[in-house]
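# Structure assessment
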Amino acid sequence: MLPWMMNTAAGSNSESYMTISINNVVCNYSLPMHVDLRKFALNSWNCSYDRTGSILTKQKRHPGCHVKVYNSGKVYIVGCKSEAASRQAARSVGREIQKIMGKTDQKVCLRKFRINNILATCKFPFGILIDQVNRKYPKETYYEPELTVGLIWRMTEPKASVRIHTTGTIVVTGATSEADVSLAVEKIYGYVKDFQCDISKIHHPAPRKRKPVINEEFSNIKRQRYEFGDDDGEDETGVDQIFDDENEINDF
Amino acid sequence: MTLNYTMYRTTTLGEALEHVLEDFVNDGSITEHLVKRMLLNFDKAINQKLSTQINNKMQFKAQKLQAYRFCDNVWTFLMKDVDVKDPSSQSTVTVQRMKVVACGATSRG
């Protein structure tokens with residue numbers, strides 16, 4: 001969680017404290033040794049190694065993440081909530097591999113440790129008029145309302161992809177460090193604060209799931225039909241005719 | 001000779017059989033080779049019966065899955081505070097720690 005202070009448009013006196021929550025950190029590194037995956041699987045817990053595959057998957061509790069280990073010594077770690085946690089997880093997995101492979105006497109380093117991707121979300125306390133943003137910055141943004149709900153802003157420095165929603169939620173993906181994430185959010189704020197709007201005034205489209213429309217009158221008529229038994233088949237309300245038409249349509 | 005899982009030799013039934021066979025061998029009335037043949041027969045019989053004839057089902061629900069492992073098509077689970085229920089006898093046994101070793105069911109035997 002990165003705290004981030006900013007001055008809201010309401011007044012320079014009130015400072016709102018917004019938190020950027022980092023949801024996912026993906027990193028990878030490689031160990032300078034060949035890993036016997038079967039031996040590793042037999043000697044460690046919370047792991048899964050298919051005979052067919054060449055990947056051993058492991059789950060760690062502290063810090064919570066998924067780990068993929070390859071024969072060659074490459075390790076991918078997904079799911080940590082911060083850069084530091086990711087590094088800690090990487091080192092602990094490296095240590096475990098070192099112990100199991102029996103190389104405790106040798107010095108084993110994490111080679112080419114690299115954070116590939118950080119996913120973070122932030123919520124601005126105001127709504128954003130996405131289509132206006134798209135009109136003003138057509139080169140950097142991509143907004144296709146029929147495909148995705150949010151507007152996608154591709155930044156070059158820092159290299160990140162930002163999804164901006166009308167509710168004010170900002171999702172940053174593709175960043176390579178926490179500092180980059182902060183920078184991206186700050187920049188977006190700079191661009192977007194001119195297009196503020198009140199969240200409650202945003203028109204929300206009707207929800208997709210609709211309740212079936214029950215025509216109360218119709219059902220009453222249907223019940224009445226069966227109540228008056230001495231009709232001789234004559235339908236006073238004309239419902240019979242409607243049902244017959246429906247049957248004809250169904251025959252097609 | 002088709003291969004069957006030999007893990008049932010470590011069950012109570014299997015161990016009892018092994019003890020008896022060991023006694024016979026020590027007396028000298030049975031050869032080692034015969035013991036091995038008998039155990040193979042035991043494997044075949046128990047695998048067959050367990051897969052076809054036995055229909056008992058037990059349900060268990062644990063508070064926590066402490067650890068799991070999947071290697072060589074064998075699942076190993078370590079669980080804590082397990083309630084084992086027998087639907088036929090309506091009895092529930094609570095166990096503090098349980099280890100489950102599960103091999104994939106094959107259509108052989």
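Please read all numbers here as calculations on a predicted model, not as lab measurements.

### So, the interface of chain B and chain A
Each side of the interface is counted separately: chain B has twelve residues, and chain A has 14 residues. With both chains or domains summed, chain B and chain A bury close to 1300 Å², and 47% of this area falls on carbon and sulfur atoms. Considering only the surface of chain B that becomes buried against chain A, Y68(B), R69(B) and D72(B) emerge as the three largest contributors, covering 50% of it. Linking chain B with chain A are one salt bridge. Of the charged contacts, one joins D72(B) and R38(A) as a salt bridge, the two residues approaching to 2.7 Å between their closest N and O atoms. For the interface between chain B and chain A, the tally reads eleven residue pairs in polar contact (both at pLDDT 80 or more). Secondary structure elements with two or more residues in the side of chain B that touches chain A: β1 (59-71) and β2 (74-86) of chain B. Ranked by residues supplied to the side of chain B that touches chain A, first place goes to β1(B) with eight residues. Class assignment of the residues belonging to the side of chain B that touches chain A gives a composition of six nonpolar, three polar and three charged. Both strand β3 (residues 47-49) of chain A and β1(B) contribute to a ladder of three bridges, which runs parallel. Looking at β1(B), one finds that Y49(A) is bridged to C71(B).

Conventions we followed
- Residues numbered from 1 in each chain as written.
- Chains lettered and ligands numbered in written order.
- Predicted model: local features only at pLDDT ≥ 70, side-chain atom pairs only at ≥ 80, totals over all residues.
- Heavy atoms only, no water.
- Contact = heavy atoms within 4.5 Å.
- Buried area = accessible area lost by both parts, 1.4 Å probe.
- Salt bridge = Lys/Arg side-chain N within 4 Å of Asp/Glu carboxyl O.
- Polar contact = N/O pair within 3.5 Å; in protein donor to acceptor, adjacent residues only side chain to side chain.
- Helix = DSSP H or I, 4+ residues; strand = E, 2+ residues; numbered from the N terminus.
- Nonpolar A, V, L, I, M, F, W, Y, C, P; charged D, E, K, R; others polar.
- Pairing = 2+ DSSP bridges.

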